[in-house]
Amino acid sequence: MHRDISTGNILIFRDSNGESFGRLMDYDHAKTTKEFTPLTPKAKDLSDDDFEEFKKTVQSLIKFDKLSTVVEDDVVREALKWVDFSWIAAPYVMKSVGVFLSTSGSQKSRISMSDLRWDNEPIKQWPNFLNRTHREGERTGTLPFMSGEVIARTSLVFHGAEPRFVHQAIHDLESFLWVLVRICMSRKGPGIGMGREKELDINKPGFYNPALSHALVSYFDGTEDVLKESKAKLLRSTERFENDIVKNFDPYFEPFKPLVRQWWNIIILGYMYRAHEFYNIHHHILRIIDDALPTLPDESKAEATRKELTRREKHRARLLGTFKSTAPAGNTSISTPPGSPRTSLIITPPLSYQVLHSEQDSPSARKQRPSKRQKM
């Protein structure tokens, strides 16, 4: 588990064919384990009569939520594997169905396992990090991109008994979402000079955007206490996420709104019920990204993209020229000082990289560079 997902730790590479792919860097605070806990069903099998009675409860809740749809039996049985049927499973199904219908725009009359993305290969064991604790008084992460739960060091909306708080995979996946959200809120396109600084300058009345300024301070640039309070409130209100986050996207990123809404709702389901979404979070997020990619406009030939790629290629050529001119003749490596973690930097000319530009271009970000290891 990485535990420090941020814009500074994401790189975008291009291979010799010009294809782009991403990489994470800086695993200084990553956490590994060889211990696993079996994932076993939490609810016993119900009799046919009890199952039918429970299914009626689920349908009545869905109807109460003003949704004219029914769920297939497999959906109900799957929910019962994850949560206690007595008081959590029924609202869990209702909430999952509501999220699917509201974020997908679907008008389906029957909801299946596939619709809810519950049709993946079952996970039989879960990595156990309970014995991998941080040192007293320390916590890892880059504050603007940390999950609200990680900042608070407690679960904020879980409907059940909470064990000792542990940084889990879902927290890293929330951090990835905050990286995307920050880009969509603070930028107006690709490249240098595409930040929304004018909208954040109170001395420019024709451009100043108070709602955007307040949102960036509340969720990214404020103090730890401000972020802790703001993100806790966000977890408890879908309307707040829409008003504070989604509505403040620059128009350039309008096509990303459906993806971001789905991503956030999956995170909420994971936190609230500790069920399918929590234990299969990578599966859920990768599925919605794969579904979203064909719907996003192809910007590869847009003027702004072309200019930025040209700038990066020129910058890369200058860097390679500098490296080659300082390397000893006939050698393609550059020595590093004694004691360095790496003995040399190998230059591979066919491979280029570009650092993902985002909040690092903005004045507010330059003033505040949170350390990777936050003090509690």
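Residues numbered from 1 in each chain as written. Predicted model: local features only at pLDDT ≥ 70, side-chain atom pairs only at ≥ 80, totals over all residues. Heavy atoms only, no water.

A.B. asks: Help me understand helix H5 (residues 169-186), please; the structure alone is not making it clear to me.
C.D. replies: Given 3.6 residues to a turn, an α-helix orients residues that are three or four positions apart in the same direction. For H5, which comprises 18 residues, the first-to-last C-alpha distance of 26 Å matches the rise-based estimate of 26 Å (1.5 Å per residue) to within 8%. Counting buried residues in H5 gives 17 out of 18 residues, a clear majority hidden from the surface. (Helix = DSSP H or I, 4+ residues; strand = E, 2+ residues; numbered from the N terminus. Expected span 1.5 Å × (residues − 1). Buried < 20%, exposed > 50% of the residue type's maximum accessible area, 1.4 Å probe, protein only.)

A.B. asks: What should I look at first to understand helix H9 (residues 257-273) in this one?
C.D. replies: Here H9 contains 17 residues, and its C-alpha end-to-end distance of 25 Å stays within 8% of the 24 Å for a straight helix at 1.5 Å per residue. Counted residue by residue, H9 has 15 buried out of 17 residues, so it is predominantly covered. Directly after H9, the chain includes Arg-274, whose backbone phi takes a positive value near 50°.

A.B. asks: Looking at this model, I keep getting lost on the packing of aromatic side chains. Mind explaining?
C.D. replies: Centre-to-centre distance and the angle between the planes together describe a pair of aromatic rings. This model, assessed by the stated rule, comprises 14 aromatic pairs. Taking 4.9 Å as the distance between ring centres and 85° as the angle between the ring planes, the aromatic pair formed by Trp-126 and Tyr-279 counts as edge-to-face. Highlighted residues: Trp-126 in strand E6 (residues 125-127) and Tyr-279 in helix H10 (residues 276-279), separated in sequence by 153 residues. Note on accessibility: Trp-126 and Tyr-279 belong to one class, buried. Ring geometry for Phe-278 versus Tyr-279: centroids 5.0 Å apart, planes at 80°, classification edge-to-face. We note that Phe-278, like Tyr-279, is buried. Ring pairing ties together the aromatic residues Phe-145, Trp-178, Tyr-219, Phe-220, Phe-241 and Trp-264, which thus form one cluster. Taking NZ or CZ as reference, Lys-198 lies 4.9 Å from the ring centre of Phe-207, over its face. Taking NZ or CZ as reference, Lys-231 lies 4.4 Å from the ring centre of Trp-178, over its face. (Phe/Tyr/Trp six-rings, centres within 6.5 Å; stacked < 30°, edge-to-face > 60°. Lys NZ or Arg CZ within 6 Å of the ring centre and 35° of its normal.)

A.B. asks: Honestly, the nonpolar core in this entry has me stumped. Any pointers?
C.D. replies: In this structure, Val-71, Trp-178, Val-181, Met-185, Ile-245 and Trp-263 are the most contacted members of the largest nonpolar core, which totals 76 residues. Counting 6 residues, the second largest nonpolar core, distinct from the first, contains Leu-143, Met-146, Ile-151 and Phe-165. (Core = buried A, V, L, I, M, F, W, Y, C linked by side-chain atoms within 4.5 Å.)

A.B. asks: What is the right way to look at the side chain of Arg-3 in this model?
C.D. replies: On the secondary structure map, Arg-3 appears in the segment before strand E1 (10-14). Here His-29 takes part through its backbone oxygen, which lies 2.8 Å from a polar atom of the side chain of Arg-3. With residues up to four places along the chain from it excluded, the contact list for Arg-3 reads His-29, Ala-30, Lys-31, Thr-140, Gly-141, His-167 and Asp-172. (Polar contact = N/O pair within 3.5 Å; in protein donor to acceptor, adjacent residues only side chain to side chain. Contact = heavy atoms within 4.5 Å.)

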